[in-house]
Amino acid sequence: MAIAGPEAVKNTGHQSDAEVAYEQVMDAIVTQQLAPSQKVSENIFTEMFGISRAVARNLIERLIARHFLVSVSPRITVVAPLTLLEIKQSFTLRKILLPEIFALAAPKVDYVVLHALAERVHDMLPPKDDATALQVLKLNKELNEMLCEQSGYPQMLDWARQLELTAMRIYWLYIKVTGSFFYSREQTEMSINVLQSEDPARIKRVMYDLLSQTEERILNTVFSHKQFNTQDLII
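Figured I'd write up the structure that's included with this text. Note that the structure is a prediction, hence the values are computed from the model and not measured. (Residues numbered from 1 in each chain as written. Predicted model: local features only at pLDDT ≥ 70, side-chain atom pairs only at ≥ 80, totals over all residues. Heavy atoms only, no water.)

**Some remarks on the pattern of salt bridges**
How we decide: Any Lys or Arg side-chain nitrogen located within 4 Å of an Asp or Glu carboxyl oxygen qualifies as a salt bridge. Only DSSP runs of H or I with at least four residues qualify as helices, and only runs of E with at least two residues qualify as strands; both kinds are numbered from the N terminus onward. Burial here depends on accessible area, computed with a 1.4 Å probe over protein chains only, as a share of the maximum for the residue type. Under 20% is buried, over 50% is exposed, and the range in between is partly exposed.
Considering all chains together, one arrives at 14 salt bridges under this definition. As a salt-bridge pair, Arg53 and Glu42 come within 3.1 Å of each other at their nearest N and O atoms. Note that Arg53 is positioned in helix α3 (residues 53–65) and Glu42 in helix α2 (residues 42–49), a separation of 11 residues in sequence. The partly exposed category is assigned to Arg53, whose relative accessible area is 42%. Measuring nitrogen to oxygen at the nearest pair gives 2.7 Å for the salt bridge that ties Arg185 to Glu119. Here Arg185, found in helix α8 (residues 185–196), pairs with Glu119, found in helix α5 (residues 111–123); they are 66 residues apart in sequence, far enough to count as distant. For Arg185, a relative accessible area of 28% corresponds to the partly exposed category. Shared partners join several salt bridges into a network, and the residues in it are Glu23, Asp27 and Lys138.

Spelled out as C-alpha cells, the structure:
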C-alpha cells in the first residue's frame, strides 16, 4: 500500500500535526510499509512523512513507549517484530481484557451507532484494495473502542486502544492472505445481540469464545500460507 506523502501530514483542524503524523506512522506500521524489524530513524521519518526532526524524535520516543518500535541499541531502533509470540500474546491479553470491558460497557452502549458502524464495515467487504482494507480495520478499531469507552475506566480504555492497534497489524496479515474479513456479518450481528442482552456472564463467555475462534482462524490461515510454509526456520 502506498501511504500518502508529506502533503498528507497536515493539521486537519481536529488533530495536532503530531497526532496526524502519529496516525500516518501507525498506518505505515500496520500496512508494513514500515515492515516488522525494519530499522527506523528520525531521518527516515522526516523523509517519509514530511515532518520535522523534533516531531520525528517525539514520535519515536512515543512509539517505543507503546511497544510499536523497539530500541535495540543506543543508535538502532526498529519496528516491533510480528512473530507467533506477539500474535499469541496479543490474543491472550485480548481474551483477558475485552470480555470484561464489554460486559461493563454493554448497558451504556448506543446500539444505533454501534449497528451503523458495523454496517459500514461490512458494506466495504470484501476490500477492493489496500486503502479500503486499512479503512475497514480502522472502522473495526473504532467500533471496539466505542464499546471500551463506555466501561468507565480510562486506564483500561488506554490498554484496550493499544491492543486494538496491535490487532490491526495482525488482522492486516489475514486480510492480505485471504482477501476477506475475519468476522462475518452474522457473527457481528450475533455479538451485538449478546451485548444487548446485558447478561455479564453470557457476554464474557461469548466474547471469549469469539476471540478464541478468531485467533485460531488467523493462525491457521497465516501459517498455512506458502510464504510462511516454505521459508527457512533458522535457529
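**What about the sheet that holds strand β1 (residues 39–40)?**
Keep this limit in mind: The pairing criterion is simple: DSSP has to find at least two bridges between the two strands. In what follows, a contact means two residues having at least one pair of non-hydrogen atoms within 4.5 Å. Every axis in this analysis is a line fitted to C-alpha atoms, fitted for helices over the stretch in contact. Angles between the N-to-C directions lie between 0 and 180 degrees.
Reading across the sheet, the 3 strands line up as β1-β3-β2 and stay open at both edges, with antiparallel pairing between neighbours. In this open sheet, the two strands that pair with only one neighbour each are β1 and β2 (69–73). With 2 bridges connecting them, β1 and strand β3 (residues 76–79) associate as antiparallel partners. Directly across from Val40, in β3, lies its bridge partner Thr77. Lying on the sheet, α3 is in contact with β2 and β3; it crosses β2 at an angle near 95°.

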